Amino acid sequence: MTAPAGGYAARERGNASDGAGAVILAACAIWSLVSAAGRETRPEGVLLALLAVAAGFACGRICGTLLPVATATAAAVAALVMALVSRSSGMPGATAAVDIAPGHTGAAAALLVLAAGAACCAAAAARRAPLRLTLRLLAFGTACAALTIRSVAGFVAALGVLLCSLAAARMRRRLLGLAGFALVTALVVGASWAVAEEALPDGLMISLEGQLTGNRVLLWQDAVTLAKEHPVLGVGPDRFAEMSPTAQQTLRSDGKPHSAPLQQAAEQGVVGVTLLGAAFGWLLYVLRRSPRSTAVVLTAGAALTALAALASVGNALSFTPVTAGAGLLAGLASARLPIGDGRAASDTAGAADAGPVRRVTRIRDVPRRGRGPRPNAARGRITPRPDRQGRLNHSGLYPLRHRPLRRPPASGAARG
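Thresholds applied
- Residues numbered from 1 in each chain as written.
- Predicted model: local features only at pLDDT ≥ 70, side-chain atom pairs only at ≥ 80, totals over all residues.
- Heavy atoms only, no water.
- Axes fitted to C-alpha atoms, helices over the stretch in contact; angles between N-to-C directions.
- Helix = DSSP H or I, 4+ residues; strand = E, 2+ residues; numbered from the N terminus.
- Parallel < 35°, antiparallel > 145°, perpendicular 65-115°, else oblique.
- Contact = heavy atoms within 4.5 Å.
- Nonpolar A, V, L, I, M, F, W, Y, C, P; charged D, E, K, R; others polar.
- Phe/Tyr/Trp six-rings, centres within 6.5 Å; stacked < 30°, edge-to-face > 60°.
- Buried < 20%, exposed > 50% of the residue type's maximum accessible area, 1.4 Å probe, protein only.
- Left-handed = near helix turned anticlockwise from the far one by under 90°.
- Core = buried A, V, L, I, M, F, W, Y, C linked by side-chain atoms within 4.5 Å.
- Salt bridge = Lys/Arg side-chain N within 4 Å of Asp/Glu carboxyl O.

Undergrad: Hey, could you go over the packing of helix 12 (residues 260–288) against helix 13 (residues 294–313) for me, with residue numbers and the actual values?
TA: Between helix 12 and helix 13, the least distance of the axes is 11 Å, while the angle of their chain directions is 175 degrees. By the criterion of interaxial angle, the relationship of helix 12 to helix 13 is roughly antiparallel. Of helix 13, the residues touching helix 12 (which contributes Ala 260, Pro 261, Phe 280, Leu 283 and Leu 287) are Val 297, Ala 300, Gly 301, Leu 304, Thr 305, Ala 308, Ala 311 and Ser 312. For the contact of helix 12 with helix 13, the per-class residue count stands at 10 nonpolar, three polar and no charged.

The structure is reproduced here in structure tokens:
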């Protein structure tokens, strides 16, 4: 039996989205080199982050096609262990430093969000109810683990991913959910820029400054000032610590403005911010065209949105495991289905946001014209037809090669 025509169309759309991603990542790498040309800069960090995203995405695509549930579960456990280890090892900027910046969101919170997202994606892809319950309990345990390392932002983000995953199990269309994720990300980025510009009302500014700490607000203001002074090329990759007065006067400073969009604006100008937004939009577009189920797609979108929100108010993207984990999660959620997977005809056809395809379940619904199975051009498959004893095979379909042949009449000599 030949593959449905929708499968070839979905594969072509997947190749187009992969090509667009390759172009965007290459543009990000080229622009970081252009911005660093002729200056004492260090673009190696940007290039390493791009390489980590590409490698994680490719690994997620391969492993997601072969073992989607097992790979997502292993990724969730690995991210959880790394988050707990990063807390105990005291990695700079990985967790909250209570004496400097209460509520600091870094690598630990981002890893916990990725762990919860991977566990929820595995639960959405699992077929057995006990396994789904176990994986969701793992996601809830990940959120609770954030409280043990005093990461309130990680707890809220991981719990939000779990709730979005439960809600996504009842949704049929993914476009509305992905559009909502893009809107939330834009609002968080706009709010951080408004705080840096002091464009909010006084009461709201005082409240946000108390949550974000005055040191971080001053870092954001330095980033905006540098972006205005160097709007096109920026000051160069990894030069914020040298150009920011607040970073130089802060004890034990990591030299980051603790906001990925503001850091891009200060170090790579408007073009860098545009490319960063294009990269995030590409991830959402890949999820939009994913052949996976809507529940898996929206769960991964919620995790990536939570990660983007943490990166807008923290330095989460400054760590290679976080960027690689984000690419891995996107690759798992957009991996192609194995050939012959029966789920590809209904909810997994999310590229067109179509509802479930109605299957013919009764023999009397099949038009009885001619003999043998009849191809259904509208659905791209063969409608079932019983044999002479009224039985169907295990799949309910008979290939065309099983059509009963009509024997020619015997000649007169043979009859004699």
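That covers the picture; the talk isn't over yet.
Undergrad: Can you explain the packing of aromatic side chains? Please cite residues and give values.
TA: This model, assessed by the stated rule, comprises one aromatic pair. Considering the side-chain rings of Phe 57 and Trp 282, the 5.2 Å spacing of their centres and the 50 degrees angle between planes classify their relative orientation as tilted. Taken together, the positions of Phe 57 in helix 2 (residues 44–66) and Trp 282 in helix 12 put the pair 225 residues apart, joining distant regions of the chain. Classification of Phe 57 by relative accessible area gives buried; the value is 10%.

Undergrad: An account of the packing of helix 9 (residues 214–229) against helix 12 is needed here, citing residue identities and associated values.
TA: One can describe the packing of helix 9 onto helix 12 by two numbers: an axis separation of 7 Å at closest approach and a directional angle of 35 degrees. Handedness of the helix 9/helix 12 crossing: left-handed. Taken together, the residues of helix 12 that come into contact with helix 9 (itself represented by Trp 220, Ala 223, Val 224, Leu 226 and Ala 227) are Leu 262, Ala 265 and Ala 266. Counted by class, the contact of helix 9 with helix 12 contains eight nonpolar, no polar and no charged residues.

Undergrad: Any details on unusual backbone geometry? Residues and values, ideally.
TA: Positive phi, close to 60 degrees, is recorded for Arg 150, a residue that is not glycine. Along the polypeptide, Arg 150 turns up in the loop between helix 5 (129–148) and helix 6 (152–168). A residue is classified by how much of its surface remains accessible, and Arg 150, at 51% relative accessible area, is exposed. Of note, the phi angle at Glu 198 is positive, near 55 degrees, even though the residue is not glycine. Turning to its location among the elements, Glu 198 is positioned in the loop between helix 7 (175–197) and helix 8 (202–212). The exposed category is assigned to Glu 198, whose relative accessible area is 53%.

Undergrad: How would you sum up the nonpolar core? Please name residues and give values.
TA: If you look at the biggest cluster of nonpolar residues, it comprises 67 residues, and the most contacted ones within it are Leu 178, Leu 287, Leu 304, Leu 307, Val 322 and Leu 329. A per-element tally of this core places helix 4 (residues 107–125) first, with 16 residues. The contacts of Val 322, once residues within four sequence positions are left out, are Ala 107, Ala 110, Leu 111, Leu 114, Leu 307, Ala 316 and Leu 317. Listed in part, the 15 residues of the second largest apolar core include Ala 196, Ala 223, Val 224 and Phe 240.

Undergrad: Talk me through the pattern of salt bridges; I want residue IDs and the actual numbers.
TA: Evaluated as defined, the whole model comprises six salt bridges. Arg 61 is paired through a salt bridge with Asp 18; the nearest N and O atoms lie 2.9 Å apart. Placement of Arg 61 in helix 2 and of Asp 18 in helix 1 (residues 5–36) is noted, with a sequence separation of 43 residues between them. On the basis of relative accessible area, Asp 18 is assigned to the partly exposed category, the value being 23%.

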